[in-house]
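One letter stands for each residue in the lines below.
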Amino acid sequence: MTKPIAVDGPAGAGKSTIAKNVAKKIDYIYVDTGAMYRAIALYLIRQGVDTNDEEKVSAAIKDIEVSLDYKDHEQIVLLNGENVNAFIRTPEVSKTTSLISKYGDVRTKLLDLQRNMAAKKNVIMDGRDIGTAVLPDAFLKVFLTASSEARAMRRYKELTEKGEDVNFDDIKRDVEARDYQDSHREIAPLKQAEDAVLVDSSDMGIEEVTDAICTLYQERIKA
Ligand code: DC
């Protein structure tokens with residue numbers, strides 16, 4: 001039996017950085033489920049599908065295949081066999097992903113893939129519904145959050161360090177709009193599972209959060 005770890009939380013709480021660090025420390029495989037949703041959104045944008053039309057989205061995604069591969073511990077998202085890692089982090093893809101991830105057919109398409117991965121290997125999987133819907137029996141569930149202010153500030157720093165000319169208020173508004181959309185959809189909304197441990201990273205550094213989750217894991221192992 002595998003011992004999967006579920007990490008859920010809003011955009012920008014640091015889930016991916018922290019889950020990646022924890023994976024290295026405890027020799028787990030890190031699975032970024034958001035990247036799978038992003039690959040589907042990219043496909044729909046490329047095909048010019050009207051993403052507000054659920055039926056059109058359902059029809060368009062029937063024949064696509066999303067899968068994951070790993071190279072030097074990096075997750076590679078394959079969309080019909082093409083490595084799309086370089087194309088799925090744009091603001092346009094982020095926005096479209098949040099929109100299309102509310103559709104039942106989109107979620108169903110990825111659910112089995114995610115469950116199969118967790119059944120075969122020890123994974124730390126990050127997303128929005130991992131502890132509530134994908135892996136309700138996960139060995140450890142963490143709900144990682146931070147204030148929208150702190151999350152927007154991290155994103156702002158990241159982008160300005162890259163030399164991008166961005167506005168803090170715009171970023172904060174985008175973060176809050178995504179939170180709202182992800183938490184208010186009907187199917188598998190973003191929400192803390194009852195048995196998840198809440199970690200608020202607003203005033204914590206990456207190392208501190210990583211260590212806190214590793215400690216929770218070690219405690220469970222010993223219990
Ligand atoms: O984690 P991320 O920012 O890459 O996720 C992108 C979007 O995908 C997010 O706005 C909501 C959606 N998502 C989801 O609905 N369920 C998941 N398990 C992961 C992501």
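Predicted, not measured: the structure shown is a model, and the values here were computed from it.

Asks: Looking at this model, I keep getting lost on the sheet that holds strand S7 (residues 140–145). Mind explaining?
Replies: Strands pair in a sheet through their backbones, by hydrogen bonds, and they do so in one of two ways: parallel or antiparallel. The parallel open sheet is built from five strands, whose spatial order is S2-S6-S1-S7-S8. Every interior strand has two partners, whereas the edge strands, strand S2 (29–32) and strand S8 (197–200), have only one. Within this sheet the neighbouring strands show an average axis-to-axis angle of 20 degrees, counted without direction. Where S2 lies against strand S6 (residues 123–127), four bridges are found, and the strand directions are parallel. In the strand pairing of S6, Ile-29 is matched with Val-123. Helix H1 (residues 15–26) rests against strand S1 (5–8), S2, S6 and S7 of the sheet, and its axis sits at about 175 degrees to S6. Lying over the sheet, helix H2 (residues 33–47) contacts S2 and S6, oriented at roughly 40 degrees with respect to S2.

Asks: Would you explain the side chain of Lys-141 in this entry?
Replies: Inspection of the secondary structure puts Lys-141 in strand S7. The class of Lys-141 is buried, set by a relative accessible area of 5%. One polar contact links the side chain of Lys-141 to the main-chain carbonyl oxygen of Gly-131, over a distance of 2.9 Å. Setting aside anything within four residues of it in sequence, one finds Lys-141 in contact with Ala-6, Gly-131, Leu-135, Pro-136, Ala-193, Asp-195, Ala-196, Val-197 and Arg-220.

Asks: For this particular structure, what's the right way to read the nonpolar core?
Replies: The nonpolar side chains of soluble globular proteins are, as a tendency, buried together. If you look at the biggest cluster of nonpolar residues, it comprises 36 residues, and the most contacted ones within it are Ile-40, Leu-44, Val-66, Val-77, Val-106 and Met-125. Secondary structure elements with two or more residues in this core: H2, helix H3 (54–61), strand S3 (66–71), strand S4 (74–79), helix H4 (91–100), helix H5 (104–120), S6 and helix H6 (130–134). At nine residues, H2 tops the list of elements feeding residues into this core. If sequence neighbours within four positions are ignored, Met-125 has contacts with Ile-5, Ala-6, Val-7, Val-31, Thr-33, Gln-114, Ala-118, Ile-130, Val-134 and Leu-135. Counting residues in each nonpolar core, the second largest holds 20 residues, with Ile-26, Ile-124, Val-199 and Val-209 among its members.

Asks: Any chance you could explain the layout of surface pockets here in plain terms?
Replies: Think of a ball as big as a water molecule: rolled over the atoms, this probe shows where empty space is left. What the second largest pocket holds in volume is close to 250 Å³. Of all the secondary structure elements, the ones that give two or more residues to the lining of the second largest pocket are H1 and S2. The dominant element in the lining of the second largest pocket, judged by the number of residues it contributes, is H1, at three residues. Considered class by class, the residues forming the lining of the second largest pocket number five nonpolar, two polar and four charged.

Asks: What am I meant to see in the packing of H2 against H5 here?
Replies: The axes of two packed helices give the description: the angle between them and the distance between them. Between H2 and H5, the shortest axis-to-axis distance is 11 Å and the interhelical angle comes to 145 degrees. Handedness of the crossing formed by H2 with H5: right-handed. Contacts between H2 and H5 pair Thr-33, Met-36, Tyr-37 and Ile-40 from the former with Val-106, Arg-107, Lys-109, Leu-110, Leu-113, Gln-114 and Met-117 from the latter.

Basis of the calculations
Residues numbered from 1 in each chain as written. Predicted model: local features only at pLDDT ≥ 70, side-chain atom pairs only at ≥ 80, totals over all residues. Heavy atoms only, no water. Pairing = 2+ DSSP bridges. Helix = DSSP H or I, 4+ residues; strand = E, 2+ residues; numbered from the N terminus. Axes fitted to C-alpha atoms, helices over the stretch in contact; angles between N-to-C directions. Contact = heavy atoms within 4.5 Å. Buried < 20%, exposed > 50% of the residue type's maximum accessible area, 1.4 Å probe, protein only. Polar contact = N/O pair within 3.5 Å; in protein donor to acceptor, adjacent residues only side chain to side chain. Core = buried A, V, L, I, M, F, W, Y, C linked by side-chain atoms within 4.5 Å. 1 Å grid on protein atoms, 1.4 Å probe; cavity = no way out; pocket = protein on both sides within 12 Å on 5 of 7 lines; lining within 4 Å. Points joined across faces, edges and corners; volume = space filled by probe spheres on them. Nonpolar A, V, L, I, M, F, W, Y, C, P; charged D, E, K, R; others polar. Left-handed = near helix turned anticlockwise from the far one by under 90°.

Any functional reading would require information beyond the geometric quantities listed.
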